[in-house]
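Per-entry structural report
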Amino acid sequence: MTDPVEPRGTAALLVDSRGRYLLHLRDANKKICDPGTWSVPGGDREGEETARQAVERELLEETSLVVPLEPFTVVDSLGPDRRTKGRIQVYLGAWSGDADALPCPEGIMFRHFDVATIPFLTMCPWTKEVIDLHQARGPARAGVAPRAEPGGRARPNIVGVHLYLERDGRILLGLRSPDAAFAASTHHFLAGHCEQESAVTCLVREAEEEAGLVIDPADVELVHVVHLVDHPGGPPRVQLVFRARRWEGTPQVREPDRCVSWGWWPADALPTPVVPYARATVDGVRAGRLYTELGWT
């Protein structure tokens, strides 16, 4: 059983070898805590989790990182209604990797910022409080190793889920926003990262959230798998591509910060630019192949 006094909220303050903080830009137009602000990775405990188990799970889900953490402080926070009060157990860790290479299944992007830049950002109030406390205590006395690499030998694979819709020989692709953290101004499948859910459940949820499409899980079949790394040393990714045999609705732009339009494109004349593994998937499906590897040396 978890300690009932232990805060429900958890967060990870990660500092690199140059003293910069890894911050996460939260969605601006959703009913979430502190929308549109820079904050840090984290989330609430689930079930019988301890705060440590929760922060490690959230960090892995949001960034793919496995980093040594130590308890740092507890702060007060407000819920989405700005009235409900909560408490957050903040952990401290060190990571000096490339923030641009991190996945971003929630929110907009990750970036490293030095302490001189923090005052010019739209900050989550409790995150600013935590950073100020870290500075006041002296980063050199934090007691965390100066650098930790994600995953060691057993690196977790990020699981992506993609929707392959075909109508009259044409395939549904979305043009991603120029401000998207991944594949800006590039055509791609409707897609998302698995959260605490099955891949098919994720697919059905993302189809409704992103495009207003209603899909029965019984009408879904796996048509292709891509196992890739985007660049040498980057996190490995398993991209699951599912075909929906039937669906209800017409594609709508519901998340303009990620996708600005939907279009049906001939399988033999895809638009440019298109995400490379999406093109590889279309080629694989047309050739009857189930599996593709990209980026591995």
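Provided above is the structure to which this section pertains.
The paragraphs below set out a description of the structure included in this document.

What counts, and where the lines are drawn
- Residues numbered from 1 in each chain as written.
- Predicted model: local features only at pLDDT ≥ 70, side-chain atom pairs only at ≥ 80, totals over all residues.
- Heavy atoms only, no water.
- Pairing = 2+ DSSP bridges.
- Helix = DSSP H or I, 4+ residues; strand = E, 2+ residues; numbered from the N terminus.
- Axes fitted to C-alpha atoms, helices over the stretch in contact; angles between N-to-C directions.
- Contact = heavy atoms within 4.5 Å.
- Buried < 20%, exposed > 50% of the residue type's maximum accessible area, 1.4 Å probe, protein only.

Below, the discussion takes up the sheet that holds strand β8 (residues 158-164). Pairing within the open sheet is mixed, and its five strands lie in the order β12-β8-β14-β13-β16. Looking at which strands have only one partner, the edges of the open sheet turn out to be β12 (190-193) and β16 (291-294). Adjacent strand axes in the sheet meet at a mean angle of 25 degrees when their direction is disregarded. Here β8 pairs with strand β14 (residues 237-244) via seven bridges, running parallel. Paired with L163 across the bridge in β14 is F242. Running over the sheet, helix α3 (residues 199-211) touches β8, β12, β13 (220-228) and β14 and is turned about 125 degrees from β12. Here helix α4 (residues 276-287) sits on the sheet and contacts β8, β13, β14 and β16; the angle it forms with β13, its principal contact strand, is near 130 degrees.

With that settled, consider the pairing of strand β2 (residues 21-25). With five of its five residues buried, β2 lies for the most part within the structure. Here β2 shows two buried faces, one formed by Y21, L23 and L25 and the other by L22 and H24. Relative to strand β7 (residues 109-113), β2 runs antiparallel, the two being bridged by five bridges. Note that in β7 the partner of L23 across the bridge is R111. Looking at chain direction, β2 and strand β3 (residues 38-39) are connected through two bridges and run antiparallel. Across the sheet, H24 pairs through a bridge with S39, a residue of β3.

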